[in-house]
Amino acid sequence: MKALQRYLDAVWQIVRKDITVEWRGQQGLPLMLVFALLIVFLFHFALQLSPDLQGGLTAGLLWVSLAFASTLGLNRSSSLEQESSALDGLLLIPVDRSAIFFGKAISNFGFTFLVALVLLPVFNLFYGQNMLNLPLILVIVLGVGAYTGLGTLLAALSIQTRTRDVLLPILLYPLALPILIAAVEASRGVLSGEALSDVQSWLFLLLASNILFTAAGLMFFETILEE
């Protein structure tokens, strides 16, 4: 029991560190928001689609915005750990290295989810879609969880390389394609008024992805950091 408490405390300390760094610097999250909003605004004013076509575009555009913003946040998070030698300090924590994975994954998820919460009313305003509904938020939670879980693993893999800012997207986007497809299809179904049972296969894929990358972080994160 004490070992579990120490493990959970280490996870929380890592999450709190990332929140504190972001609060003091206020560079990562605002940059993610500006980047995501820029994509939304550009597509809205450039395409000038009819309301029917806008409805079909919304799900894909939402996840393009979240994927790019999340990748930007993942890159910045790994860069800060490397540049300030914070990773060396994290490795000194006397707990299993997977605690570092869960701490970083939770903070990456939190920042991306905050971006999503800001984007939803913007999409509601510009694209005339009912984005503020619980089924869509469920899809976002599962999709963002899977994407940031995979991204945290790959960010740790590329953190030691000089080209990490370029390497992470190259590794992440092809591997995350099934996640993004499932998230887009589930979001499109929800926005079209379908019940969750009609998109359950996509939801199961997202849930399985969350379980897979959580297990991968638990088993392989220490090996990744040692490479």
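Residues numbered from 1 in each chain as written. Predicted model: local features only at pLDDT ≥ 70, side-chain atom pairs only at ≥ 80, totals over all residues. Heavy atoms only, no water.

Q: What am I meant to see in the overall build of the chain here?
A: A count of helices and strands for the chain gives eight helices and zero strands. Helices and strands appear in the chain in the N-to-C order α-α-α-α-α-α-α-α. Considering the chain as a whole, with its 227 residues, one finds that 47% of them fall into the buried category. Counted over contacts in the chain with a minimum sequence separation of 6, partners at least 24 positions apart contribute 83%. Accessible surface, the chain: about 11,600 Å² in total, of which carbon and sulfur atoms supply 69%. (Helix = DSSP H or I, 4+ residues; strand = E, 2+ residues; numbered from the N terminus. Buried < 20%, exposed > 50% of the residue type's maximum accessible area, 1.4 Å probe, protein only. Contact = heavy atoms within 4.5 Å. Areas by Shrake-Rupley, 256 points an atom, 1.4 Å probe, with all protein chains shown as cover.)

Q: How should the packing of helix 5 (residues 98–127) against helix 6 (residues 134–158) be read in this particular structure?
A: The description of two helices packed together rests on the angle between their axes and the distance between the axes. It is at 9 Å that the axes of helix 5 and helix 6 come closest, and there the two elements cross at 140°. Regarding the angle of helix 5 to helix 6, the classification is oblique. The handedness of the crossing between helix 5 and helix 6 comes out as right-handed. Between helix 5 and helix 6, the residues in contact are Phe101, Lys104, Ala105, Asn108, Phe109, Thr112, Phe113, Ala116 and Leu120 and Leu136, Ile137, Ile140, Val141, Val144, Gly145, Thr148, Gly149, Thr152 and Leu153, respectively. Partitioned by chemical class, the residues of the contact of helix 5 with helix 6 number 12 nonpolar, six polar and one charged. (Axes fitted to C-alpha atoms, helices over the stretch in contact; angles between N-to-C directions. Parallel < 35°, antiparallel > 145°, perpendicular 65-115°, else oblique. Left-handed = near helix turned anticlockwise from the far one by under 90°. Nonpolar A, V, L, I, M, F, W, Y, C, P; charged D, E, K, R; others polar.)

Q: Would you mind showing me how to read helix 5 here?
A: In an α-helix, one full turn covers 3.6 residues, which means residues spaced three or four apart are oriented alike. Here helix 5 contains 30 residues, and its C-alpha end-to-end distance of 41 Å stays within 8% of the 44 Å for a straight helix at 1.5 Å per residue. After helix 5 finishes, the residue glycine 128 shows a positive phi value of roughly 65°. (Expected span 1.5 Å × (residues − 1).)

Q: Got a minute to help me understand the packing of aromatic side chains in this structure?
A: By convention here, two paired aromatic rings are described through the distance between centres and the angle between planes. Scanning the model with the defined rule gives five aromatic pairs in all. An angle of 55° between the planes, with centres 5.2 Å apart, marks the rings of phenylalanine 41 and phenylalanine 126 as tilted. Residue phenylalanine 41 is found in helix 2 (residues 28–47), and its partner phenylalanine 126 is found in helix 5; the two are separated by 85 residues along the sequence. One aromatic cluster is present, formed by Phe35, Phe68 and Tyr173 through successive ring pairs. (Phe/Tyr/Trp six-rings, centres within 6.5 Å; stacked < 30°, edge-to-face > 60°.)

Q: Mind showing me how you'd approach the environment of valine 184 here?
A: Tracing the backbone shows valine 184 in helix 7 (residues 164–191). Every residue in contact with valine 184, bar those within four places of it in the chain, is listed here: Ala59, Gly60 and Trp63.

Q: What is the right way to read the pattern of salt bridges from this model?
A: Tallied over the full model, the rule gives three salt bridges. Note that lysine 104 is salt-bridged to aspartate 18, the shortest N-O span being 3.2 Å. One end of the pair, lysine 104, is in helix 5; the other, aspartate 18, is in helix 1 (residues 2–25), with 86 residues separating them in the sequence. Residue class for lysine 104 comes out buried when judged on its relative accessible area of 8%. Note that glutamate 185 and arginine 188 form a salt bridge whose closest N and O atoms lie 2.8 Å from each other. On the criterion of helical spacing, the pair formed by glutamate 185 and arginine 188 is a turn pair, its members being three residues apart in helix 7. (Salt bridge = Lys/Arg side-chain N within 4 Å of Asp/Glu carboxyl O.)

Q: Whenever I open this one, the environment of proline 30 confuses me. Can you help?
A: Turning to its location among the elements, proline 30 is positioned in helix 2. When its relative accessible area of 35% is taken as the criterion, proline 30 is described as partly exposed. In sequence terms proline 30 and glycine 73 are 43 residues apart; their C-alpha atoms lie 10.0 Å from each other.

Q: Would you take a moment to explain the confidence of the model for the chain for this structure?
A: Parts of the prediction with low pLDDT should not have their coordinates interpreted in detail. Per-residue pLDDT for the chain has a mean of 83; in total, 84% of the residues score no lower than 70. The lowest-confidence element of the chain is helix 4 (residues 86–91), averaging 64 in pLDDT; the highest-confidence one is helix 6, averaging 92. (pLDDT = per-residue confidence, 0-100.)

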